[in-house]
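Coordinate analysis (summary)
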Amino acid sequence: MIRTTFILTLTLAVSLTSTWADRDLHTFKRLALSDQFWCEGANAADFNKDGHDDLVAGPWWWEGPDFVKRHEIYEPAATFKLPLGEMTTVEVPGFEGGLGHKNTYSDNFFAFPQDFNGDGWTDVLFIGFPGQITSWYENPKGGPGRWAQHVIFRQTDNESPDFTDITGDGKPELVCITQGAYGYAEPDWSDAAKPWVWHPITPKKGYGNFTHGMGIGDVNGDGHKDLLEKDGWWEQPEDSKALWIFHPFPFAELGGSQMYAYDVNGDGLNDVITGLAAHAFGLAWYEQVKSPDGITFKKHLIMGQRKEESRYGVKFSELHAIDLVDMDGDGLKDIVTGKRFWSHGRMGDPDRNDEAVVYWFQLVRGPQGVDWIPHRVDSNSGVGTQVVAKDINGDKLPDILVGNKKGVFVLRHEVKKVSDAEYAAAQPKPMDEAPPAKDYPVLGDNGQPLNFDFETGTRDNWTAEGPAFAGPPLQGDAVHLRRQDMTSGHHDKFWVGSYEAEKSDQPTGTLTSDAFTLTQPWLSFLVGGGSTPKTRVEILNAVNGAVLFTATGPDNERMVRRTADLTPWQGAKIRVRLVDEATDGWGHLNFDRVLLHDREPVAE
């Protein structure tokens, strides 16, 4: 059953030829094809050769243009048990996502349609969970039954792999990480069912399965596609057999999602567009600047952790998928992105329970420079690890396709003519700038700062129970010493962590601060490590032990700043407690620098 919802939040774009009384208002209509969690991406192509694009998501494809009739591609075998009460449990199809309570992951992250065997029928390439196999499924040419699976690559790493032409031969390749290096897997197009041949383009640098952020584009304008990653870009050389040339630049320390090389400001140089943290906040474009030393970039923040960091007051987290498409037909490419709902579950990431929004950011070039105008598309779908904007009904308006923990959706793009009043009412309004937050140290009853940044090199003002935090604070970047693909992100010299003492996730325990008076409404701290509820930071009422706030790490060693609005408890006595109850992968915490603030602080 398809549920259709008319989205009342209106967006607009003005064509260069329109008049004040004849405006194009861009709206979107949500079609919910499923509320079950089967995948983290969706795509479209004409699978049955009827002239209409169909939608593929997980083990299913839906016939266009109405997307009512559904067909299996492979067996939809996943189920989970959902307790409805003390004595009643039901079995629910799909992986446990928005219909459940626990954090699980699907086995299908990306879908890319392509005719692989040259028979004129469109097949589909599925990329699964990071570190697992990649297969394409052969279209049975309109016949009944499931599609034949062809496993073509054994280990596809990175959370934003792509299927695109990186070599310039006019045919797509699978671009990803495997065995610690970036590269591409190339099919033999005379028999694409054979295992694809791997071509490394970087040295083995310890890149992991879950490395975030990757893109393909011509950065230096030499006509060759380069590779973008969170720490810089790799220049494609003339020699196709040589390793590519690395140009370091800190685009996104934590790693975002899909990255793009595109001339944003129209100066003839390709800039870089990227999310800043797939499991936190941030969207930016980096303006390419030519210098005597070569190419460098100037950062322009589009959206950050606070509403005040966006010109239009927009803020949302978990930008785990980005597409770059001309949404309004003005010849400029716009950003399509949104919130990956529950990417690490109910307890994983900041603002994880906020609305699952989708936005398109309209690129506008003007005398004052570049602006990205945010238009809300939807508030109850979000994105997965893949979001695709493409015209699926032939009206030349890109629709938005989503598969994630909330289900499968088509956000159908429509345009209507509106009056002056409707036009003015629908425009996003810039907000006034607010002063930045002030930082305050945590003070003890004697008015002196407590050791909440561990810079005494001791655990003074903290009490450990169990072996996890029993050792002294760590000095320097102990993380990078044991794994080159990550850093700790600690402040100054010292920090604490529950992994380093025994070089294991096995130790458990707690580390609890002395009680202190909450003198400001906001508190922040740096936390890294695991994202499950078993590795968490708690803020407690010091009198009765009630938990006032909980946060976890991002499943990344690098610490990120978490903020807590504690306005209702200002003036009360509170404590900070680190809890490590986990013994498996990512079963540890990294922690540093507690501060108080007079307003919501900016993420570091």
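Residues numbered from 1 in each chain as written. Predicted model: local features only at pLDDT ≥ 70, side-chain atom pairs only at ≥ 80, totals over all residues. Heavy atoms only, no water.

Bringing the overall build of the protein into the picture now. Broken down by element type, the protein carries two helices and 43 strands. Relative to a compact globule of 604 residues, whose C-alpha radius of gyration would be 25 Å, the protein shows 25 Å and is just as compact. With the C-alpha coordinates aligned to their principal axes, the bounding extent of the protein is approximately 75 × 70 × 60 Å. Buried positions account for 56% of the 604 residues belonging to the protein. By sequence separation, contacts in the protein at least 24 residues apart represent 57% of the contacts at least 6 residues apart. Taking the 57 positively charged and 89 negatively charged side chains of the protein as two groups, their mean positions are separated by 4 Å. (Helix = DSSP H or I, 4+ residues; strand = E, 2+ residues; numbered from the N terminus. Rg over C-alpha atoms; globule rule 2.2 N^0.38 Å. Buried < 20%, exposed > 50% of the residue type's maximum accessible area, 1.4 Å probe, protein only. Contact = heavy atoms within 4.5 Å. Lys, Arg positive; Asp, Glu negative; His and termini not counted. Charge placed at Lys NZ, Arg CZ, Asp CG, Glu CD.)

Okay, the domain arrangement of the protein next. For the protein, the assigned domains are domain 1 (23–426) and domain 2 (439–597). Placing the centre of domain 1 and that of domain 2 at their C-alpha centroids yields a distance of 34 Å. In this complex, domain 1 contributes 17 residues to the contact, which on the side of domain 2 involves 15 residues. The contact between domain 1 and domain 2 buries some 1200 Å² in all, and 49% of this surface belongs to carbon and sulfur atoms. At the boundary of domain 1 and domain 2, one finds one salt bridge. Notably, a salt bridge pairs Glu253 with Arg558, separated by 2.8 Å at the nearest N-O pair. Taken together, the links from domain 1 to domain 2 amount to two residue pairs in polar contact (both at pLDDT 80 or more). When its residues are assigned to classes, the side of domain 1 that touches domain 2 shows six nonpolar, six polar and five charged. (Domains from an automatic or database assignment. Buried area = accessible area lost by both parts, 1.4 Å probe. Salt bridge = Lys/Arg side-chain N within 4 Å of Asp/Glu carboxyl O. Polar contact = N/O pair within 3.5 Å; in protein donor to acceptor, adjacent residues only side chain to side chain. Nonpolar A, V, L, I, M, F, W, Y, C, P; charged D, E, K, R; others polar.)

So, about the sheet that holds strand 26 (residues 334–338). Read across the open sheet, the four strands follow the order 25-26-27-28; overall the sheet is antiparallel. A strand with exactly one partner marks an edge of an open sheet, and here the two such strands are strand 25 (322–325) and strand 28 (369–378). Mean inter-strand twist for the sheet, computed between neighbouring axes without regard to direction, equals 25 degrees. (Pairing = 2+ DSSP bridges. Axes fitted to C-alpha atoms, helices over the stretch in contact; angles between N-to-C directions.)

On to the pattern of salt bridges, then. Applying the stated rule across the entire model yields 22 salt bridges. Glu72 is paired through a salt bridge with Arg146; the nearest N and O atoms lie 2.7 Å apart. Placement of Glu72 in strand 7 (residues 70–72) and of Arg146 in the loop between strand 12 (132–138) and strand 13 (148–164) is noted, with a sequence separation of 74 residues between them. In this structure Arg146 comes out as partly exposed when scored by relative accessible area, which is 46%. Two residues, Lys573 and Asp445, come together in a salt bridge whose shortest N-O distance is 2.6 Å. You can see Lys573 sitting in strand 42 (residues 573–580) and its partner Asp445 sitting in the loop between strand 32 (439–440) and strand 33 (462–465), a full 128 residues away along the chain. The partly exposed category is assigned to Lys573, whose relative accessible area is 29%. Look at Asp445 and you get exposed, because its relative accessible area is 69%.

What follows concerns the pairing of strand 21 (residues 258–262). Counting buried residues along strand 21, five of its five residues qualify, which places the element largely inside the surrounding structure. Burial of strand 21 is two-sided: the residues Gln258, Tyr260 and Tyr262 facing one way and the residues Met259 and Ala261 facing the other way are all buried. Examined bridge by bridge, strand 17 (residues 214–217) and strand 21 share two bridges and lie parallel to one another. Paired with Gly215 across the bridge in strand 21 is Met259. Across three bridges, strand 21 lies against strand 22 (residues 271–275) in antiparallel orientation. For Tyr262, the partnering residue across the bridge sits in strand 22 and is Asp271.

Now for the pairing of strand 3 (residues 23–34). By the criterion of burial, strand 3 is predominantly enclosed, with 12 of the 12 residues buried. Summarising the sheet, strand 3 and strand 31 (residues 407–418) pair through 11 bridges and their orientation is antiparallel. Within strand 31, the position partnered with Leu25 by the bridge is Lys416.

Turning our eyes to something else, we now look at unusual backbone geometry. Residue Pro65 is bonded to the preceding Gly64 through a cis peptide linkage, with omega at 10 degrees. Here Lys396, not a glycine, exhibits a phi torsion of approximately 65 degrees, which is positive. Along the chain, Lys396 falls in the loop between strand 29 (387–390) and strand 30 (399–404). Backbone geometry places Asp492, a non-glycine residue, at a positive phi of 60 degrees. For Asp492, the position within the fold is in the loop between helix 2 (478–482) and strand 35 (494–497).

The next subject is the environment of Gln570. Following the sequence through the fold, Gln570 ends up in the loop between strand 41 (556–565) and strand 42. On the basis of relative accessible area, Gln570 is assigned to the partly exposed category, the value being 41%. Sequence separation between Gln570 and Val402 is 168 residues, and the spatial gap between their C-alpha atoms is 41 Å. For Gln570, the side chain forms a polar contact with the main-chain oxygen of Thr519, separated by 3.2 Å.

The subject of this paragraph is the nonpolar core. The nonpolar side chains of soluble globular proteins are, as a tendency, buried together. Judged by nonpolar contacts, the single largest core of 28 residues is most densely connected at Phe516, Leu523, Phe525, Val537, Ile574, Leu578 and Phe591. Elements represented by at least two residues in this core include exactly strand 35, strand 38 (522–529), strand 39 (535–541), strand 40 (547–551), strand 42 and strand 43 (589–597). Dropping the residues within four chain positions of it, Phe516 is found in contact with Val442, Leu443, Leu450, Phe452, Leu523, Ala572, Lys573, Ile574, Arg575 and Val576. Grouped together as the second largest cluster of nonpolar side chains are 22 residues, Leu283, Trp285, Tyr312 and Leu363 included. (Core = buried A, V, L, I, M, F, W, Y, C linked by side-chain atoms within 4.5 Å.)

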